[in-house]
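Now for the letters of each chain:
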Amino acid sequence: MTSSVGSGSHRLMRAAVLHGPEDVRMEDVPIPVPGPGEVLARVDVASIDFTDRKVYLRGQHPMIKIPGLFGHEWAGTIVEVGSGAETRWRPGQRVVAANSAPCLPDEGPVCRQCRRGRPSMCENIQYNNGAFAPYILVPSRLVRINLHEIPAGVPAEQVVFTEPLACVVQAVRRVPIHPLDAVVILGAGPMGLFWVNTLRRRHGPDLVIVSLDYQDDRLAVAKIIGASHGLNSSGGNAQALLRAAIGRPDADVVVESVGSLAAHREALGLVGRGGTLVSFGGVAAGQILPVDIGRMHYEEIGIQPIYHHTPPDVAEAARQLAAGEVPVERLITARLPLSELRKALQMVGERTTLRTILIPEH
Ligand SMILES: [Zn+2]
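Below is a short write-up of the structure. (Residues numbered from 1 in each chain as written. Predicted model: local features only at pLDDT ≥ 70, side-chain atom pairs only at ≥ 80, totals over all residues. Heavy atoms only, no water.)

1. What to know about the nonpolar core
To keep things clear, this is the line we draw: Nonpolar core, defined: a set of buried Ala, Val, Leu, Ile, Met, Phe, Trp, Tyr and Cys residues in which side-chain atoms within 4.5 Å join the residues together. To sort residues, take the accessible area from a 1.4 Å probe on protein chains only and compare it with the maximum for the residue type: under 20% means buried, over 50% means exposed, and anything in between is partly exposed. The secondary structure listing takes helices from DSSP runs of H or I that are at least 4 residues long and strands from runs of E that are at least 2 residues long, numbered from the N terminus. Here, residues are in contact when the closest pair of their heavy atoms is within 4.5 Å.
In this structure, Phe161, Trp195, Leu199 and Phe280 are the most contacted members of the largest nonpolar core, which totals 49 residues. Going through the elements one at a time, helix H4 (156-159), helix H5 (162-174), strand E11 (182-186), helix H6 (190-203), helix H7 (216-224), strand E14 (251-256), helix H11 (311-322) and helix H12 (328-331) are the ones with two or more residues in this core. In terms of residue count, H5 provides more of this core than any other element does, seven residues in total. Excluding residues that lie within four positions of it along the chain, Phe280 makes contacts with Cys167, Val168, Ala171, Met191, Trp195, Val255, Glu256, Ser257 and Ile306. Of all hydrophobic cores here, the second largest spans 34 residues; its members include Ile48, Val55, Ala131 and Val348.

Written out as C-alpha cells, the structure is:
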C-alpha cells in the first residue's frame, strides 16, 4: 500500500494539544516518525470519555504531560513500522491499542509491583496520549504488549472502547461475586453500562443487577442490556427504592461508577453485611470517605478499589468487542469531526451523550 507519511518527513497534522486547565488547542504539529520498535498509526476513530473531561478540567493527570497531545481511546490503521518492530506488524493492518504498558521483562528493570503480579500498579507504567489527532505514535512497549489487530470485517468503531472496557474486565475478574448476590451499579454512564453487560454475560440470568442513576434515558439502556432493575435515585431514596425492587435495602456488591465523593458515600451506605464496595470511579486525591469501622469489622464490609487494566484484560476486551459481545451501537450516541473536540468535551460534561466518536480529517 502507499503511505502518505514518509520516514523523515516534516509533514504536519492538526492535533489537539492540552496546555492547561480548560485550555485545549488544535495545533499544527509534526507527524511523528516511528523510532525503533515503534509504530505510527492513522487514527480512524477516537472516542472521548469522562476521564478526558477530567483531564481537560484539571489540566493535569498522571496519564499526561502538559503541554502535550491529548486523547487516549482510538482505533486505526498502521501506516509505518519502525525498525526492529515485531514482524507481525505491517502497514495497512487495522489495530486498536490500550493507552499504557507496564514493565516488560526484557526492556529494562521490572518494578516491584510488576514482580508481585500487580501490573496495573506498575511504577514505570508508560502512558500514551495523542488519540485526538490524525496520526498517533505507539511506543515500543505498547506495540509489544497492548496493540491488537482488528479482525477483518469488524469496523474500527466496534472496538474503539477496548481501553475503557478493559478496566471493567479487570474489575469483574477481581471482584468475587456469588450467584446469589445482588449487585448495585451506581452510575449508568458508559462504564456503568459496560459493568451491566459484562456481569450479565459472565454470571447468567439469575444474578440480580440493579442500575442506579439520575437519568431515566440511561436507566432504560441499562435495562435493555441486562439490568434486572433501573432505579432513578435522584430523590436520595436509594435504600427505599432498593427495598421495593429487590426486597432488601442493600446489596452484596456495590460498584461506584460515578467518580465522586458523594457517590462513594451513597455506595458505601448501600453495602450489606459481608458485602463489598467497589471503588471504580476515579476521584481526585485528598477527598475523605468516613467509614464506620465497627460495622466494617463485625459485618466484614470490604472496600475494593480497581484502577486501570492489565495486558490480559486489554486482550480480553478487544476480543469481546470484536466478537460483538458488547452493544456498542447503544453506547455511541454522537459522532463529530475532531475539529469539534471542544463541543464534544462540553457534551460529556452535560451528560447529553453516552459516548461521542471523534473522526479526524486526514
Ligand atoms: Zn512495572
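Additional details are given in the paragraphs that follow.
2. Here we look at the layout of surface pockets
Rule in force here: Using only the protein atoms, space was sampled on a 1 Å grid; points where a 1.4 Å probe fits but cannot get out form cavities, open sets with protein on both sides within 12 Å along at least five of seven lines form pockets, and lining residues are those with an atom within 4 Å of a point. Grid points are joined across faces, edges and corners, and a volume is the space filled by probe spheres set on the points. Throughout this entry, Asp, Glu, Lys and Arg are counted as charged residues, while Ala, Val, Leu, Ile, Met, Phe, Trp, Tyr, Cys and Pro are counted as nonpolar. The remaining residues, Gly among them, count as polar.
Of the volumes computed, that of the second largest pocket is approximately 360 Å³. As for the second largest pocket, its lining consists of 16 residues, of which Met63, Lys65, Tyr127, Asn128 and Asn129 are closest to the centre. Of all elements in the fold, only strand E4 (68-69), strand E8 (126-127) and strand E9 (135-138) reach the threshold of two or more residues within the lining of the second largest pocket. Counted by class, the lining of the second largest pocket contains ten nonpolar, five polar and one charged residues.

3. Things to note about H7
Applied cut-off: The directions considered for the arc run from the helix axis to the C-beta atoms.
Arg218, Leu219, Val221 and Ala222 are the residues of H7 that are buried. In an axial view of H7, the angular spread of the buried residues amounts to 155°, which keeps them on one side of the axis. Exposed residues on H7 whose side chains face more than 90 degrees from its buried face are Asp216 and Ile224. Lining the buried residues of H7 we find H6, strand E12 (208-213), strand E13 (229-232) and H12. Of the residues trailing H7, Gly226 is marked for its positive phi of about 135°.

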